[in-house]
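One letter stands for each residue in the lines below.
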Amino acid sequence: MSIATDPLAGSDLARVPLPDDVYGFGWAEIRYLLGRHATESSRMTVASLGFDAAPTDELVGAAGVASLLARGLAQPEGDHAVSRGEAAVLETVFARAKRWSGISVRDGDTGDLMVVIEDGDIIALLQPRSLGTWFVGLTDAVDRPAEVLARAVEQLRAAHGGTSRFAIETRTLEGSVGTRYFRPDASGWTVADERDAQPRPVADGLERELAQLLPGAPA
């Protein structure tokens, strides 16, 4: 049997295929990577991902690193472990982040969330999924952050339909730098600066509108 063969193929336990350039992480793995550094950026990342109220005991960290080791995303180094591959990239983004953009989606009683984190070299896009898992996308298109953000919004729109409402907030280490409220319509999008304000048409395209939320691009 080829080592590339999925032994679970055809069963109810078959592995879930992920899109290209999207990686799956477990809750404990994310918690472990968030705790690897004690920088101002990592603290902001903890809050942006909603992990500020999460348990931080040793068992959580042990579970996270054990899972990364088992998946080849960490390697032992003495009595510690060093992250590898996409886990190492994500750890670095968490520790060095300069800008955080939260995209929340509401469609009736359902919702979704994506957090876009930039550190100047990589943009990481994180989505919480079922049972404590996270989908993580990584791109080096750091010179086109508004384009990356617009593409993420359009993908969420495609997944949730044309009646969804989007709230997007961008933060830097200096504080909140912008909030916009978007709704798709027949001609494209409308936008408002406040939740209950009268929306206006997005005349120059979603990417240009989002670029106004992204001052101080990471160097």
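Residues numbered from 1 in each chain as written. Predicted model: local features only at pLDDT ≥ 70, side-chain atom pairs only at ≥ 80, totals over all residues. Heavy atoms only, no water.

**Topic: the packing of aromatic side chains**
Selection criterion: Stacked, edge-to-face and tilted labels apply to pairs of Phe, Tyr and Trp rings (six-membered ring for Trp) whose centres lie within 6.5 Å, assigned for plane angles under 30 degrees, over 60, and everything in between, in that order. Helix and strand definitions here come from DSSP, where helices need a minimum of 4 consecutive H or I residues and strands a minimum of 2 consecutive E residues; each element is numbered from the N-terminal end. Burial here depends on accessible area, computed with a 1.4 Å probe over protein chains only, as a share of the maximum for the residue type. Under 20% is buried, over 50% is exposed, and the range in between is partly exposed. To sit over a ring, a charge needs its Lys NZ or Arg CZ within 6 Å of the ring centre and within 35 degrees of the ring normal.
Inspection of every chain in the model, using the stated rule, returns four aromatic pairs. With centroids separated by 5.6 Å and ring planes inclined at 20°, the aromatic side chains of tryptophan 27 and phenylalanine 51 adopt a geometry described as stacked. One end of the pair, tryptophan 27, is in helix α1 (residues 27-34); the other, phenylalanine 51, is in the loop between α2 (40-48) and α3 (58-70), with 24 residues separating them in the sequence. For tryptophan 27, a relative accessible area of 31% corresponds to the partly exposed category. Taking relative accessible area as the criterion, phenylalanine 51 reaches 2% and is therefore assigned buried. Across the ring face of phenylalanine 25, the terminal group of arginine 71 is positioned such that the distance to the ring centre comes to 5.4 Å.

**So, the pairing of strand β5 (residues 110-118)**
Put simply, the rule reads: Should DSSP find at least two bridges between two strands, the strands are regarded as paired.
Pairing of strand β4 (residues 99-107) with β5, which is carried by nine bridges, proceeds in the antiparallel orientation. Paired with arginine 99 across the two strands is glutamate 118, which belongs to β5. Hairpin connection of β4 to β5: two residues between the antiparallel strands, including glycine 108 at a positive phi of 65°. Pairing of β5 with strand β6 (residues 123-128), which is carried by four bridges, proceeds in the antiparallel orientation.

**Section: the layout of surface pockets**
Rolled over the atoms, a probe as big as a water molecule pinpoints where empty space is left. Inclusion rule: Space inside and on the surface of the protein is sampled on a 1 Å grid over the protein atoms alone, with a cavity defined as a set of points where a 1.4 Å probe fits but cannot get out and a pocket as an open set with protein on both sides within 12 Å along at least 5 of 7 lines; lining residues have an atom within 4 Å of a point. Grid points are joined across faces, edges and corners, and a volume is the space filled by probe spheres set on the points.
Each pocket or cavity is described by its volume, and for the largest pocket that value is around 450 Å³. As for the largest pocket, its lining consists of 21 residues, and the residues nearest its centre are Val22, Met114, Leu125, Gly137 and Gln155. The leading source of residues in the lining of the largest pocket is helix α5 (residues 145-160), at seven residues.

**Looking at the pairing of strand β10 (residues 188-192)**
Of all the five residues making up β10, five are buried; the element is thus mostly covered by neighbouring parts of the structure. Summarising the sheet, strand β9 (residues 175-185) and β10 pair through five bridges and their orientation is antiparallel. By the bridge assignment for β10, arginine 183 is matched with threonine 190. Adjacent in sequence and paired antiparallel, β9 and β10 are bridged by two residues. Relative to strand β11 (residues 200-201), β10 runs antiparallel, the two being bridged by two bridges. Within the sheet, the bridge partner assigned to valine 191 lies in β11 and is arginine 200.

**Points about the packing of α1 against α3**
What counts is decided by this rule: Axis angles are defined between N-to-C directions and span 0 to 180 degrees, where every axis is a line fitted to C-alpha atoms and, for a helix, only to the segment in contact. The cut-offs work like this: below 35 degrees is roughly parallel, past 145 is roughly antiparallel, 65 to 115 is roughly perpendicular, and the gaps in between are oblique. The contact rule is simple, with two residues in contact once any of their heavy atoms fall within 4.5 Å. In this classification, Asp, Glu, Lys and Arg are treated as charged, Ala, Val, Leu, Ile, Met, Phe, Trp, Tyr, Cys and Pro as nonpolar, and every other residue, Gly included, as polar.
α3 packs onto α1 with a crossing angle of 105° between their chain directions and a minimal axis gap of 7 Å. Taken together, α1 and α3 sit at an angle that is classed as roughly perpendicular. Across the interface between the two elements, Trp27, Ala28, Glu29, Arg31, Tyr32 and Leu33 of α1 pack against Val60, Gly61, Ala63, Gly64, Val65, Ser67 and Leu68 of α3. In the contact of α1 with α3, the residues fall into eight nonpolar, three polar and two charged.

**What about the side chain of serine 41?**
Within the element layout of this structure, serine 41 appears in helix α2. Discounting chain neighbours no more than four positions away, the residues touching serine 41 are Phe94, Ala95, Arg96, Ala97, Trp100 and Leu173.

**Some points on the pattern of salt bridges**
To keep it simple, the criterion reads: Criterion for a salt bridge: a side-chain nitrogen of Lys or Arg within 4 Å of a carboxyl oxygen of Asp or Glu.
In this structure the tally under the stated criterion is 15 salt bridges. Residues arginine 129 and aspartate 112 are paired through a salt bridge, measuring 2.9 Å at the closest nitrogen-oxygen approach. Of the two residues, arginine 129 is situated in the loop between β6 and β7 (133-139) and aspartate 112 in strand β5; the sequence distance between them amounts to 17 residues. For arginine 129, a relative accessible area of 31% gives the class partly exposed. Salt-bridge contacts for arginine 200 lead to aspartate 193; the nearest nitrogen and oxygen are separated by 3.5 Å.

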